[in-house]
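# Structural characterization, general
So you can see what is in the structure, the chains are spelled out below.
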Amino acid sequence: MLGRSLTRTFNLLSVFVNRKTIYYLFLLPAIIPFVTFVLIPFLYTFSLTFRTGDLLKLGQFVGLNNYIRIIHDDTFRKAVVNTVQFVILIVPAELLLSLLLSLILSQRLRFGGTTQAILFIPWIIPITIIAVIWRFLLYPQQGIINYLIGLVGIPPQTWLASESLALPTLVVIEMWRGIGFFVMVWYAAIIEIPRDIYEYAILEGANTFQKLVRITLPLIRPTFIFLVIISIIWAFQLFDSVFVLTHGGPNKATFSAVYYIYRYTFHVGDVGLASTMSFALLGMVLLLTLIIRRLTKEQLQS
Amino acid sequence: MKRTSLGILLVVFLLSVSPVLLFSGGEKEAIISFWKGPHTTSFEAQSEYQVWESLIEKFEKDNPGIKIDMLVIPFGEYSAKMTAGFGSDRPPDVVYIPNEWLYKYAEAGLLLDLDEASPKLMKDLEAVIPNYFWEMGKYAGKQVAIPWLSDGFFLFYNKKHFREVGLNPEDPPENWKELVEYAEKLTRDLDGDGKTDQWGFGVPATSAWDDVYWFWTFLWGAGADILNEDWTANGFNNAKGIQALQFYKDLIRTYKVSPPAGTLDYIQMIEEFLNGKVSMMQDEQINSGRSSREDHPNLELGVAKMPAGPAKWTAWGNLGQVVVSAKTKNKDAAMKWVEYINSPAVLSAYYANSDFWPTRTDVSGESPDNPYLNQMAKWVDYFTMWPLHPLLSEINTRFWEEAEPALFGSKTVEQALQDAANAVDDLVSRSGARPGGK
């Protein structure tokens, strides 16, 4: 029905304009929002990297000064290091754990659907509720986690107040939040693999490990690449759990790149520096994505 | 052909934006957007809306053609929301702004000159608002804000805990030395497992942007200040500032009378106090309110002035003011709303439901059901208000970013204050603002 009316519209328009223009017309509903909400803000933010001042009152043009400032800015360095540490910790852990869980779930166990639903719940819980839940769990004096580790003789920890523990604690919280999504995507990829390949492998005498390494993993490689890229991008965007749980502390131990951008835009009033940081972050994510794509290009083609 | 193509593109574009063009104009009703922070029932937005519901209803009934679109913004999001709102082409019309953010908007020329907009109302209000407050609504000689609400810090303490350790609950600590003595007695391991179950004095010391407010009481008590007199540099990187931060740090790390730094922010610390896990803390008067007491019926609350510092008996105080955006498209309607919310009838109705004090002297700040509020009202002259610098919020943030590490022991107090001084000096030199907005 839709196809027919589109064809009719196309034929009608082709009386007045050439085909190429019609193609562009059909693209307009996508191009207008893209230009309005992505391209213009992108260019505007880029122009801010050469200015001082805040969003209310922009200051003078300072050339490349903001780029020089962030290189010498200790807080910026700390934010980048924290973010990279976070990415290194969370990406492999989340991918491996979610893959493991989805492999187990793909065995069509009883309560598999329920388990998947339970795993997915944190993904849809608002961050403010997550903050309340985890504060309760991690509370230094009466928290459940400290109670549990106390049972095996480990002294209570100040999870979010310790400079060495705060970032790993955020990794665990963010993993708990995101694991449901990753499991769902892995699971969808795994169950798409035709069963007859496995049946043929069984006839050939393949064991479980061989089936995993020779069939499952190679066939879900595109999903793996997608999840690696998406998890890196999300990890670089670490913000809301920092905002509600640690405010970047203790002692800037969880000050992330995006939190830096937020803080310097709205609380320090240095939008030039914050915009410069945004572009530095964009550069890092872009570079990593390109490297991953390059490394996996041949594998994907094969 | 090229021209035809362009023509078609233009028609499609106009069609796609026509709904916006058609429905954006021709409004007969003046809609006044009114933004405010929550001040009723422990800063909850819902109760703030409830208090305003009947007040707005009455205003709209008396002023046909004007609608009030109210938005209650949690204080954690205030700065971001205001920056985005005032940075846009359609800022809110009437806004409640606490002093820490006000002067930034005044300096940027985003606030309406109220003397010019409604000289009679300003004259009437000037007659009933103390000059000390009234002057804080001025920037560069213009009246850009109306002082609307005041608050500040006091010592909140648990009388039952005092009795349990042999302290007289009617005799709270009056100076820093006594604060330490009392707090040490009140810090207790109740179940004998070697861990502290009850803290003597709670210091909110996380990276939360507003935890610094609790420190200013100690800085001023030691005789230092945030900025020097002419705002050309910081006023804390000196012996008095060092004394203040050292004492603050010692409460946590040396005397160990407060939960470790980073553990509890202000909101969590209040919960701990109300739940009897913390015996004393510096708190705003709102938490003496009915709801806090109803939720914690076993709490035997005591209130007093914060203990005096070596130089001054003082505590942090603040003022919230009402402003009108210079870009408002409905100036007359906005001023009608401003007049209404500053009328004695509305203020009385509002303050009966809030645990703050009005600035108008002809409106009673007495609370029918909060004796603590009435008691604290007698002490408000001990407040110190912060410098009304346009970058005050930024100064707060950058100071705390650099000073907080001292509470973890990862910087010396001297180094922390030196770093904070560098950051604040950079901000004030960038701004170039001077007292009075001149």
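For the structure itself, look to the data block above.
Bear in mind that the values here come from a model prediction, so they are computed numbers and not experimental data.

## Things to note about the overall build of chain B
Per the secondary structure count, chain B includes 19 helices and 12 strands. Taking the principal axes of the C-alpha coordinates as reference, chain B spans close to 85 × 50 × 45 Å. Of all 438 residues assigned to chain B, the portion counted as buried reaches 59%. Taking as baseline every contact in chain B between residues at least 6 positions apart, the subset at least 24 positions apart corresponds to 74%. When the accessible area of chain B is evaluated, it comes to approximately 17800 Å², of which 51% is carbon and sulfur surface.

## Topic: a nonpolar patch on the surface
Residue and element names in this part refer to chain A. A cluster of nonpolar residues, Phe 34, Phe 37, Val 38, Leu 39, Phe 42, Leu 43 and Leu 282, forms a patch on the protein surface that exposes about 660 Å² of accessible area. Per-element tally for the nonpolar patch: the top contributor is helix 2 (residues 19–48), with six residues. Look at Leu 39 and you get partly exposed, because its relative accessible area is 34%.

## Side note on unusual backbone geometry
All names here are of chain A. Following Gly 249, the chain continues into Pro 250 via a peptide bond in cis, with omega recorded as -5°. For Pro 250, the location among the structural elements is in the loop between helix 12 (240–246) and helix 13 (257–266). Within the chain, Lys 252 stands out as a residue other than glycine whose phi angle is a positive 65°. Topologically, Lys 252 is positioned in the loop between helix 12 and helix 13. By relative accessible area, which is 13% here, Lys 252 ends up buried.

## Structural notes on the pattern of salt bridges
In the structure shown here, the tally under the stated rule is 26 salt bridges over all chains. In this structure, Arg 177 of chain A engages Glu 174 of chain A in a salt bridge whose closest nitrogen and oxygen atoms are separated by 3.1 Å. Of this pair, Arg 177 of chain A and Glu 174 of chain A both sit in helix 8 (residues 166–191), separated by three residues, roughly a single helical turn. Both residues of the pair, Arg 177 of chain A and Glu 174 of chain A, belong to the buried class. Here Lys 58 of chain B ties to Asp 62 of chain B by a salt bridge, and the two come within 2.8 Å at their closest N and O atoms. Placement of both Lys 58 of chain B and Asp 62 of chain B in helix 2 (residues 45–62) is noted, with a separation of four residues, approximately one turn of the helix. Residue classification places Lys 58 of chain B among the partly exposed positions, given a relative accessible area of 46%. Because the salt bridges share partners, they merge into one network encompassing Lys 252 and Arg 263 of chain A together with Arg 398, Glu 401, Glu 402, Lys 411 and Asp 419 of chain B.

## Thoughts on helix 2 of chain A
The sharpest bend along helix 2 of chain A reaches about 55° and sits at Leu 28 of chain A, with the proline Pro 29 of chain A one to four residues further on. Every buried residue belonging to helix 2 of chain A is among Thr 21, Ile 22, Leu 25, Leu 28 and Leu 48 of chain A, and all of these are buried.

## A word on helix 4 (residues 99–107) of chain B
With eight of its nine residues buried, helix 4 of chain B lies for the most part within the structure. Those residues of helix 4 of chain B lying buried are Asn 99, Glu 100, Trp 101, Leu 102, Tyr 103, Lys 104, Tyr 105 and Ala 106 of chain B.

## Quick look at the pairing of strand 10 (residues 315–324) of chain B
Residue and element names in this part refer to chain B. Burial within strand 10 is extensive, with 10 of its 10 residues counted as buried. Examined bridge by bridge, strand 3 (residues 94–98) and strand 10 share five bridges and lie antiparallel to one another. In the strand pairing of strand 10, Val 95 is matched with Val 323. Examined bridge by bridge, strand 6 (residues 146–158) and strand 10 share six bridges and lie antiparallel to one another. Note that in strand 10 the partner of Leu 149 across the bridge is Gly 320. Sheet topology note: the strand 10/strand 12 (residues 383–385) ladder contains three bridges and is parallel.

## Considering the environment of Pro 250 of chain A
For Pro 250 of chain A, a relative accessible area of 3% puts it in the buried group. For Pro 250 of chain A and Asp 240 of chain A, which are 10 residues apart along the polypeptide, the C-alpha to C-alpha distance reads 16 Å. Those residues in contact with Pro 250 of chain A that lie beyond four places of it in its chain are Leu 160, Ala 161, Ser 162, Glu 163 and Ala 166 of chain A together with Ser 207, Glu 404 and Phe 408 of chain B.

## Regarding the pairing of strand 2 (residues 66–72) of chain B
Residue and element names in this part refer to chain B. The alternating pattern of strand 2 places Ile 66, Ile 68, Met 70 and Val 72 on a buried face, while none of Lys 67, Asp 69 and Leu 71, on the opposite face, is buried. Both strand 1 (residues 30–36) and strand 2 contribute to a ladder of seven bridges, which runs parallel. From the neighbouring strand, Trp 35 faces strand 2, where its bridge partner is Leu 71.

## Let's talk about the packing of aromatic side chains
Residues and elements named next belong to chain B. By the definition in use, this model includes 65 aromatic pairs over all chains. Look at Trp 52 and Trp 337: their rings are 5.9 Å apart centre to centre, the planes differ by 50°, and that puts the pair in the tilted class. Of this pair, Trp 52 sits in helix 2 while Trp 337 sits in helix 14 (residues 331–341); the two residues are 285 residues apart in sequence, bridging distant segments of the chain. Taking 6.2 Å as the distance between ring centres and 35° as the angle between the ring planes, the aromatic pair formed by Tyr 103 and Tyr 139 counts as tilted. Of this pair, Tyr 103 sits in helix 4 while Tyr 139 sits in strand 4 (residues 138–139), and the two are 36 residues apart along the sequence. You'll find Tyr 103 and Tyr 139 in the same group, each marked buried. Linked through ring pairs, Trp 176, Phe 201, Phe 215, Trp 216, Phe 218, Phe 236, Phe 247, Tyr 248, Phe 399 and Trp 400 together constitute an aromatic cluster. Sitting over the ring of Tyr 96, Lys 36 keeps its end group 5.1 Å from the ring centre. Between Lys 305 and the ring centre of Trp 313, over which it is positioned, the NZ or CZ distance is 4.7 Å.

Cut-offs and rules
- Residues numbered from 1 in each chain as written.
- Chains lettered and ligands numbered in written order.
- Predicted model: local features only at pLDDT ≥ 70, side-chain atom pairs only at ≥ 80, totals over all residues.
- Heavy atoms only, no water.
- Helix = DSSP H or I, 4+ residues; strand = E, 2+ residues; numbered from the N terminus.
- Buried < 20%, exposed > 50% of the residue type's maximum accessible area, 1.4 Å probe, protein only.
- Contact = heavy atoms within 4.5 Å.
- Areas by Shrake-Rupley, 256 points an atom, 1.4 Å probe, with all protein chains shown as cover.
- Patch = residues over 30% accessible without salt bridge, like charges linked within 9 Å, V, L, I, M, F, W, Y side chains within 5 Å.
- Salt bridge = Lys/Arg side-chain N within 4 Å of Asp/Glu carboxyl O.
- Bend = angle between axes of the 7 residues up to and from the residue.
- Pairing = 2+ DSSP bridges.
- Phe/Tyr/Trp six-rings, centres within 6.5 Å; stacked < 30°, edge-to-face > 60°.
- Lys NZ or Arg CZ within 6 Å of the ring centre and 35° of its normal.

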